[in-house]
Amino acid sequence: MLYTPRTIALISELFHPPLTPDPAPIQKIHNRMFQAGDPAYSSFAVTPHGAVLSNPVHQPGASSFAGFLADRFQFREELSSLTYDGFALRVGDVAKQVCELRGIQVFTAHQVTIRTLINPRHFKDSRVYLKQGMFGFDDETKSFAREPHLYGIRLVFPQRPGQPGQFSLRVESCSNDPRSLYIENQASFGPVLVENGLASIEENILDAYKFVVENTVKFIACFDAPAQTEEA
């Protein structure tokens, strides 16, 4: 592997026609989880916006929950130990159970967000990697009379036959860790008919993740070469 990606966020939002939030079906699913053993979520709560299943977190910025709002199911794992494939399975399984109990027949759209950090191999500072390695800038930034604090690029990839998702990709320096590159892929997919099964939901999550750790990483490696390393 070219790099060792450190995934910091896995988010899946399944949009459906608006429904009045009803916590009873979600509580029933939570009870099932405990009866089956090793529940995916340890806590159940009712909020003004809908029912929430969650796990305790132990560091700032972390989250592990599934929220069932009036117009969507929202699953979030941030700074969590859950793997991307485990996340895909969890989203598919819980969504299927909620659909059965609430009579949801269609998801009008599916949005997946993947956030990952990687370290360039030949640059100590991701800002220098982007400025010199990827963009090939020299003194052009002197036009601003100050050096940018953050460098980045955004690319949008439309749907194509055999590639159903639209991907909005960001590659930026990381303000909290200059050594790391921040990568975000926000993927948008079309409607999902529940009667056809929810396998496509899991596939969407896997496709969005692979676009980061395979396609995007290969792109980043094109500019990460010893000959382009910043001066010591």
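What comes next is a walk through the structure. (Residues numbered from 1 in each chain as written. Predicted model: local features only at pLDDT ≥ 70, side-chain atom pairs only at ≥ 80, totals over all residues. Heavy atoms only, no water.)

Turning next to unusual backbone geometry. Positive phi, normally seen in glycine, also occurs at Asp 38, with a value near 55°. With respect to the secondary-structure elements, Asp 38 resides in the loop between helix H1 (23–36) and strand E2 (43–47). (Helix = DSSP H or I, 4+ residues; strand = E, 2+ residues; numbered from the N terminus.)

The strand order across the open sheet formed by nine strands is E2-E3-E4-E5-E1-E7-E10-E9-E8, and the pairing between neighbours is antiparallel. Bordering the open sheet on either side are E2 and strand E8 (152–157), each of which pairs with just one other strand. For this sheet the average axis-to-axis angle between neighbouring strands, irrespective of direction, equals 10°. Looking at chain direction, strand E7 (residues 109–118) and strand E10 (residues 181–189) are connected through nine bridges and run antiparallel. Note that in E10 the partner of Ile 118 across the bridge is Leu 181. Sheet strands touched by helix H2 (residues 84–102): strand E1 (6–15), strand E4 (63–68) and strand E5 (72–78). Its angle to E5, the strand with the most contacts, is close to 155°. Seen against the sheet, helix H3 (residues 126–134) touches E8, strand E9 (166–173) and E10 and runs at an angle of roughly 110° to E9. (Pairing = 2+ DSSP bridges. Axes fitted to C-alpha atoms, helices over the stretch in contact; angles between N-to-C directions. Contact = heavy atoms within 4.5 Å.)

Applying the stated rule across the entire model yields 10 aromatic pairs. Centre to centre, the rings of Phe 167 and Phe 211 are 4.6 Å apart; their planes meet at 55°, and the pair counts as tilted. Of the two residues, Phe 167 is situated in strand E9 and Phe 211 in helix H4 (residues 199–221); the sequence distance between them amounts to 44 residues. Just as Phe 167 is buried, Phe 211 falls in that class too. Seen from their ring centres, Phe 219 and Phe 223 are 5.2 Å apart, and the 75° between their planes marks the pair as edge-to-face. Accessibility expressed as a relative area gives 28% for Phe 219, which makes it partly exposed. A relative accessible area of 21% means that Phe 223 is categorised as partly exposed. By the ring-pair criterion, three or more aromatic residues cluster together here, those being Phe 68, Phe 73, Phe 75 and Phe 107. Over the aromatic face of Tyr 41 sits the side chain of Arg 90, whose NZ or CZ is 4.9 Å from the ring centroid. (Phe/Tyr/Trp six-rings, centres within 6.5 Å; stacked < 30°, edge-to-face > 60°. Buried < 20%, exposed > 50% of the residue type's maximum accessible area, 1.4 Å probe, protein only. Lys NZ or Arg CZ within 6 Å of the ring centre and 35° of its normal.)

Next up on the list: the pairing of E4. Buried residues dominate E4, accounting for five of its six residues. Looking at chain direction, strand E3 (residues 50–54) and E4 are connected through four bridges and run antiparallel. Residue pairing for E4: Ser 54 is matched across the bridge by Phe 65. Sheet topology note: the E4/E5 ladder contains six bridges and is antiparallel. Looking at E5, one finds that Ser 63 is bridged to Glu 78.

Looking now at the side chain of Thr 141. Within the fold, Thr 141 resides in the loop between H3 and E8. What Thr 141 contacts, discounting residues up to four positions off in sequence, is Lys 131, Arg 146, Glu 147, Pro 148 and Tyr 151.

Core analysis: the largest hydrophobic core is formed by 49 residues, its most contacted members being Leu 14, Phe 68, Phe 73, Phe 75, Phe 107 and Ile 220. For this core, the element with the most residues is H4, which contributes 10 residues. When sequence neighbours within four positions are dropped, the list of residues in contact with Phe 68 reads Ile 26, His 49, Gly 50, Ala 51, Leu 53, Phe 73, Phe 75, Val 94 and Val 98. (Core = buried A, V, L, I, M, F, W, Y, C linked by side-chain atoms within 4.5 Å.)

Looking at the element boundaries, Gln 97 is found in helix H2. A relative accessible area of 13% places Gln 97 in the buried class. In this structure Gln 97 touches Ile 29 and Arg 32, once residues within four positions along its chain are discounted.

Think of two packed helices as two axes; the pair is described by the angle between the axes and how far apart they sit. H2 packs onto H1 with a crossing angle of 135° between their chain directions and a minimal axis gap of 10 Å. Taken together, H1 and H2 sit at an angle that is classed as oblique. Relative to H2, the crossing made by H1 is right-handed. Residues Pro 25, Ile 26, Lys 28, Ile 29, Arg 32 and Met 33 of H1 touch H2, and the partners they reach there are Val 94, Gln 97, Val 98, Leu 101 and Arg 102. Residue composition of the contact of H1 with H2, grouped by class: seven nonpolar, one polar and three charged. (Parallel < 35°, antiparallel > 145°, perpendicular 65-115°, else oblique. Left-handed = near helix turned anticlockwise from the far one by under 90°. Nonpolar A, V, L, I, M, F, W, Y, C, P; charged D, E, K, R; others polar.)

The values reported here are purely geometric and, on their own, carry no functional implication.
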